[in-house]
Amino acid sequence: MEKRGLLSLLVYAHFTNDIYNFVLPPLLVIMRYDFKTSYFEGGVLVALYLLTSGALQTPIARFAEKRGLQRHAMVAGFLGMALSMALFAFSRTFPEFLIDSFLLGVSLAPYHPQGIGAVSVAFDAKERGSAIGIHQLGGNIGMFSAPLIVAALFSALRLSWTAALMAMIVPAIVTAVLLSAVFEVPLDQAVQTKPKGDDGRSLMSLLLSPIILLALAYAFNAISTRAFSSFTPSYLDSVTSNVGLSEVLTSAVIASGIVAFPLGGFLSDKLGRKLVIWVSYGLAGALFMIYSFVGGVVGLPVLFAAFFFGYIGSAPALAFASELGIGGRTNSSVAIVFGAGTIGNAVGPFMVGPLIDALGFLTSFKIASVFALLAAVPVLLITTKGIRTRQRICLKS
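Throughout, residues of each chain are indexed from 1 in the direction in which the sequence is written. Note on the predicted model: pLDDT of at least 70 is required for a residue's local features to be given, and 80 or more for side-chain atom pairs to be given and counted; whole-chain, interface and lining totals, by contrast, use all residues. The side-chain values count all of the structure's non-hydrogen atoms but skip hydrogen atoms and water molecules.

1. Focus: the packing of aromatic side chains
Two aromatic rings from Phe, Tyr or Trp, using only the six-membered ring of Trp, form a pair when their centres are within 6.5 Å; if the ring planes differ by under 30 degrees the pair is stacked, by over 60 it is edge-to-face, and anything between is tilted. On inspection of all chains with the given rule, the structure shows 18 aromatic pairs. Both rings, one in tyrosine 235 and one in phenylalanine 361, keep their centres 5.2 Å apart while their planes meet at 55°; by these two values the pair is tilted. Separated by 126 residues along the polypeptide, tyrosine 235 in helix H10 (residues 209-240) and phenylalanine 361 in helix H17 (residues 361-374) bring together distant segments of the chain. Accessibility classification places tyrosine 235 together with phenylalanine 361 in one group, the buried group. Between phenylalanine 288 and phenylalanine 307, the aromatic rings sit 5.3 Å apart at their centres with planes inclined by 85°, giving edge-to-face as the arrangement. One end of the pair, phenylalanine 288, is in helix H13 (residues 273-294); the other, phenylalanine 307, is in helix H14 (residues 300-312), with 19 residues separating them in the sequence. Under the relative-accessibility criterion, phenylalanine 307 is labelled buried at 1%. Every member of this aromatic cluster is reached through a ring pair, and the members are Phe228, Tyr235, Phe261, Phe288, Phe307, Tyr311, Phe361 and Phe365. Only Lys NZ and Arg CZ are tested; either one counts as a charge over a ring when it is within 6 Å of the ring centre and within 35 degrees of the ring normal. Over the face of the ring belonging to phenylalanine 293 we find lysine 366, whose NZ or CZ atom lies 4.5 Å from the ring centre. Each helix is a run of DSSP H or I of at least 4 residues and each strand a run of E of at least 2, with the numbering of both proceeding from the N terminus. Exposure is judged per residue with a 1.4 Å probe applied to protein chains only, and the accessible area is read against the type maximum: over 50% gives exposed, under 20% gives buried, and values in between give partly exposed.

So this is what it looks like as structure tokens:
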């Protein structure tokens, strides 16, 4: 499969994956009205599926790489997403929602390491950041589409909870069928230097200091961005008293990634991964903090800018992670960083949910903003001196 066709397929798959990755936060607004779900319970549900996904990404990526099952892992993930939506459709109580959320987390674990790894392999170093940025764009469109889909199903079409969630299984099934029929794992053509004594098979060989620091930075940024994005619909609903409007405004804010993801990848190809990551994370933290003081609809341009800079660092970080892979284990290396970010995504809502119940939205947002500011610190400590990052031969077009 030629590389641009591969990228197009995976942009679509990423779009579908991240609809499910972000569908629960806007559903929390409906669950709060229909099932009296508290903010604490909502935070637990979001944290559960994200923690599950983050914890399973590296072992699934490692297992799939060793056995050549990357395509099978992705297909199984999308089928699991469809099943989790079907279970949500017939659930009414918090314990039932916990089971559904856990299954959603298991299902979301396979895609990102396989998808990002495939893009990294297919494109050489001069194009890799831009290619990963375009791939991330698909995910961002999925993220900002999720609140719009929820608004359309519940506010515009006025479907019941069961009917709306059953409708949500369709995109996952279509994507699973498409990947099963079309996707081909690209040949890993890495040119690299293995550390002395490393046979290229040890997972511990990936746990180098730059990977750890990069993962820590990625996780800190994720704590803030997901805390804000998870509860922005509920916050705006409390301000506007309009569920549909709150979902649309949230989508508009998250849409900053349409430009940010590809721009970040492009800039990192030209200016270097570390510089772009550091500047973007620092600015994101400052802007999240400013919004937590301004608040309301009037402050949404500041929140838009905060998400914009938070997203700019994503593609450079993942490209950097793939280049730090050892022994031909690109997917495992990406999984360590992306998995840390997914765990950060879980910590944010889990932390902020009960804080909102106790302290209110804006005070809780101030606390979440601190983590975005901290994200820039580990980046400054990253050094690749003495480490030859992986270089890849571009597949023929």
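There's plenty left to go through after this.
2. Concerning a nonpolar patch on the surface
Patch membership needs two things, relative accessible area over 30% and no salt bridge, and members are linked within 9 Å if like-charged or within 5 Å if nonpolar (Val, Leu, Ile, Met, Phe, Trp, Tyr). Per-residue and other accessible areas follow the Shrake-Rupley method at a 1.4 Å probe size, with only the shown protein chains counted as cover for residues. Each salt bridge in this description consists of a side-chain nitrogen of Lys or Arg and a carboxyl oxygen of Asp or Glu lying within 4 Å of one another. On the surface, Leu271, Leu275, Trp278, Val279, Leu283, Val370, Leu374, Val377, Leu380 and Leu381 cluster together into a nonpolar patch covering about 860 Å² of accessible area. Here the nonpolar patch gets four residues from one element, more than from any other, and that element is H13. Turning to its location among the elements, valine 370 is positioned in helix H17.

3. Overview of unusual backbone geometry
Notably, arginine 158 is not glycine yet its phi reads approximately 55°, a positive angle. Positionally, arginine 158 belongs in the loop between helix H7 (125-156) and helix H8 (161-167). Of note in the backbone geometry, serine 241 takes a positive phi value of approximately 55° without being a glycine. Relative to the elements of secondary structure, serine 241 occurs in the loop between H10 and helix H11 (243-254).

4. As for H7
Helical periodicity: at 3.6 residues per turn, an α-helix aligns residues three or four positions apart in one direction. To estimate how far a helix should reach, multiply one less than its number of residues by 1.5 Å. When the terminal C-alpha atoms of H7 are compared, their 46 Å separation across 32 residues agrees well with the 46 Å that a helix rising 1.5 Å per residue should span. Within H7, the axis deviates most sharply at serine 145, by approximately 30°, and proline proline 147 lies no more than four positions further along. A residue's bend is given by the angle between axes fitted to the 7 residues ending at it and the 7 residues starting at it.

5. Regarding the environment of histidine 112
Here histidine 112 is to be found in helix H6 (residues 111-122). A relative accessible area of 3% places histidine 112 in the buried class. Separated by 227 residues in the primary sequence, histidine 112 and glycine 339 have C-alpha atoms spaced 9.0 Å apart. For histidine 112, the side chain forms a polar contact with the side chain of histidine 14, separated by 3.0 Å. Whenever two N or O atoms come within 3.5 Å, that pair is a polar contact, provided that in protein one can donate a hydrogen and the other can accept it, and provided that, for residues adjacent in sequence, both atoms are side-chain atoms.

6. Looking at the pattern of salt bridges
For the coordinates displayed, the defined rule picks out five salt bridges. Note that glutamate 127 is salt-bridged to arginine 4, the shortest N-O span being 3.4 Å. With glutamate 127 in helix H7 and arginine 4 in helix H1 (residues 3-22), the pair connects residues that are 123 residues apart, well separated along the chain. The class for glutamate 127 is partly exposed, based on a relative accessible area of 26%. Overall, arginine 4 belongs to the partly exposed group, its relative accessible area being 43%. In this structure, the salt-bridge partner of arginine 273 is aspartate 269, at a minimum N-O distance of 2.7 Å. Owing to a relative accessible area of 11%, arginine 273 belongs among the buried residues under this scheme. What you see here is one network of salt bridges that share partners, running through Arg128, Asp269, Arg273 and Glu323.

7. A word on the packing of helix H15 (residues 314-323) against helix H16 (residues 330-359)
Axis angles are defined between N-to-C directions and span 0 to 180 degrees, where every axis is a line fitted to C-alpha atoms and, for a helix, only to the segment in contact. Viewed as axis vectors pointing N to C, H15 and H16 meet at an angle of 140°, and their least axial separation amounts to 8 Å. Here H15 lies oblique to H16, going by the angle between them. Taken as a pair, H15 and H16 cross one another with a handedness that is right-handed. Residues Leu318, Ala321 and Ser322 of H15 touch H16, and the partners they reach there are Thr330, Ser333, Val334, Val337 and Phe338. Any angle that falls under 35 degrees is termed roughly parallel, while one over 145 is termed roughly antiparallel, one within 65 to 115 roughly perpendicular, and all others oblique. Crossing handedness: left-handed means the near helix sits turned counterclockwise from the far one by under a right angle, and right-handed means the same turn made clockwise. The contact rule is simple, with two residues in contact once any of their heavy atoms fall within 4.5 Å.

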